[in-house]
Amino acid sequence: MSDQQRRRGFATEAIHAGYDPDPRTGAVNVPIYASSTFAQDGVGGMRDGFEYARTGNPTRRVLEANIAAIEKGTYGRGFASGMAATDAVLRSQLRPGDHLVIPNDAYGGTFRLIDKVFTQWGITYSVAPVTDVDAVRAAVTPQTKLVWLETPTNPLLNVGDIEAIAAVTHEAGAKLVVDNTFATPYLQQPLTLGADIVLHSTTKYLGGHSDVVGGALVTDDAEIDEAVAFLQNGAGAVPGPFDAYLTMRGIKTLAVRMEKHCDNAETVVDFLAKHPRIESVLYPGLSTHPGHTAAAKQMSRFGGMVSVLVAGDIEDAKKFCARTEVFTLAESLGGIESLIEHPGAMTHASTAGSLLEVPANLVRLSVGIEDIDDILADLEQALQ
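Note that the coordinates shown come from a computational prediction; the quantities given were computed from them, not determined experimentally.

S.K.: Explain the UniProt feature "modified residue: N6-(pyridoxal phosphate)lysine" (unreviewed entry) in the protein to me, using residue names and the numbers behind them.
M.R.: As annotated in UniProt, the feature "modified residue: N6-(pyridoxal phosphate)lysine" (unreviewed entry) corresponds to Lys204 in the numbering used here. Structurally, the position occupied by Lys204 is in the loop between strand 6 (197-201) and strand 7 (215-219). The class for Lys204 is buried, based on a relative accessible area of 16%. The residues touching Lys204, leaving out its near neighbours within four places in the chain, are Thr181, Ser332, Leu333 and Gly334.

Here it is as structure tokens:
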């Protein structure tokens, strides 16, 4: 890599990293290599390392190099979903008797996998608020091998100080995993702050158009990558070439999309903070947010996700969700369109009755890139 390439900005890397125009055809976009197997030049004579598409595919290889570059990492691995990537981290790094620490408001799917599946294999876990470094330290035991951090968290948008938590994690001889799905590498790059592994549901902002499901892991550690790569191939939860292509197409516009997501979210926050039907607004960009200082230190902006506590009870929250027109009532997030959901009954239903149960009047907004006047008008009518 030339010195000029090392100095390239984020948007340039997002568009170009991992691929040069095809030398034979000049194609500026990576081809979709829709092949399940690859001809070999004699027994064991693989061409450029490709033999079978579960093990490796040229389209997927470009995506993996691209995601590694924009996260400022060395190794990238693509998966069929964010949960497949989560599973690969846990299975590659944990053994029976090991312990991990998770946020007390982690994503429901992550909690469900750990609580319902990995505990059956002798894995134990503790929960701690990501906002409290001392609480994370207290949750660590001699058996702790992983500390799992979402920042901002899903759905309460709490913020953990990555650098400080990385220090606590490494003092204990454990590894820090940061789910960077909400922030994206455009706003935050956890490896530069001490994280060992960065995880993405590429379904969300990286894909950005609600048309593909995928996941990714990035690390600078060759041993971690080797263990993850073994499971990627051995378990086989890999993205197909068309999924890899769609995700890459989304990444090319990530920089401009995130600016618009952030612009719109900040305006929505200002509007909702003054609305009588809203009890409180959860957004790291607010100076009153308990994680604002940490967010300002490690994020370039504060993202497109906004959560609110609706004045009243669960029925008032559900009514708000049901009345929107520009905001679509749906799970997921990070697409160009605005989405609204009720976490307690939807994405985080699995946390009911646990230490991670979310408030009944909580509503999560994924603020899209529509015209802001239309977004505000929709919220206004839905809250009447």
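Anyway, onward from the coordinates.
S.K.: Could you give me a rundown of the domain arrangement of the protein, with the residues and numbers involved?
M.R.: Per the domain assignment, the segments of the protein are domain 1 (8-247) and domain 2 (253-381). Here domain 1 and domain 2 have C-alpha centroids that lie 25 Å from each other. Contacts between domain 1 and domain 2 engage 39 residues on the former and 45 residues on the latter. Where domain 1 abuts domain 2, roughly 3300 Å² becomes buried across the two surfaces, and 66% of that area is made up of carbon and sulfur atoms. Sorting the residues of domain 1 by area buried against domain 2 places Leu157, Leu187 and Tyr205 first, and these three jointly supply 23% of that buried surface. A salt bridge links Lys297 to Asp161, with the shortest nitrogen-to-oxygen separation between them at 2.6 Å. For the side of domain 1 that touches domain 2, the secondary-structure elements that each account for two or more residues are helix 2 (10-16), helix 5 (108-117), helix 7 (162-171) and helix 8 (184-187). The biggest single contributor to the side of domain 1 that touches domain 2 is helix 8, with 4 residues.

S.K.: Before we move on, could you go through the packing of helix 4 (residues 82-93) against helix 5 and cite the residues and values that matter?
M.R.: Remark: helix 4 packs on helix 5, axes separated minimally by 11 Å, with the N-to-C direction vectors making an angle of 40°. By the angle between their directions, the pair helix 4 and helix 5 is classed as oblique. Both helix 4 and helix 5 take part in a crossing whose hand is right-handed. On helix 5, the residues touching Met83, Thr86, Asp87 and Leu90 of helix 4 are Gly109, Thr110, Leu113 and Ile114.

S.K.: Pulling in residues and values, what's your account of the pairing of strand 9 (residues 305-310)?
M.R.: Burial within strand 9 is extensive, with 6 of its 6 residues counted as buried. A two-sided burial pattern is seen for strand 9, the buried positions comprising Met305, Ser307 and Leu309 on one face and Val306, Val308 and Val310 on the other. For strand 8 (residues 278-282) and strand 9, the ladder comprises 4 bridges, and the chain directions are antiparallel. By the bridge assignment, Ile278 is partnered in strand 9 with Val310.

S.K.: Explain unusual backbone geometry to me, using residue names and the numbers behind them.
M.R.: Note that the residue after Thr151, namely Pro152, is joined by a cis bond; omega there is -5°. Its location among the elements puts Pro152 in the loop between strand 4 (144-150) and helix 7. Residue Pro155 is bonded to the preceding Asn154 through a cis peptide linkage, with omega at 20°. Within the element layout of this structure, Pro155 appears in the loop between strand 4 and helix 7. With a phi angle near 70°, Thr184 is a residue other than glycine that sits in the positive phi range. Judged by relative accessible area, Thr184 falls into the buried class, the value being 1%.

S.K.: Break down the sheet that holds strand 10 (residues 328-329) for me, citing the residues and quoting the values.
M.R.: The mixed open sheet is built from 5 strands, whose spatial order is 8-9-12-11-10. In the strand order of this sheet, the two ends are held by strand 8 and strand 10, each with one partner. Along the sheet, helix 11 (residues 254-273) makes contact with strand 8, strand 9 and strand 12 (362-366), crossing strand 8 at roughly 150°.

Calculation criteria
Residues numbered from 1 in each chain as written. Predicted model: local features only at pLDDT ≥ 70, side-chain atom pairs only at ≥ 80, totals over all residues. Heavy atoms only, no water. UniProt positions renumbered as here; feature names shortened; annotations may be inferred. Helix = DSSP H or I, 4+ residues; strand = E, 2+ residues; numbered from the N terminus. Buried < 20%, exposed > 50% of the residue type's maximum accessible area, 1.4 Å probe, protein only. Contact = heavy atoms within 4.5 Å. Domains from an automatic or database assignment. Buried area = accessible area lost by both parts, 1.4 Å probe. Salt bridge = Lys/Arg side-chain N within 4 Å of Asp/Glu carboxyl O. Axes fitted to C-alpha atoms, helices over the stretch in contact; angles between N-to-C directions. Parallel < 35°, antiparallel > 145°, perpendicular 65-115°, else oblique. Left-handed = near helix turned anticlockwise from the far one by under 90°. Pairing = 2+ DSSP bridges.

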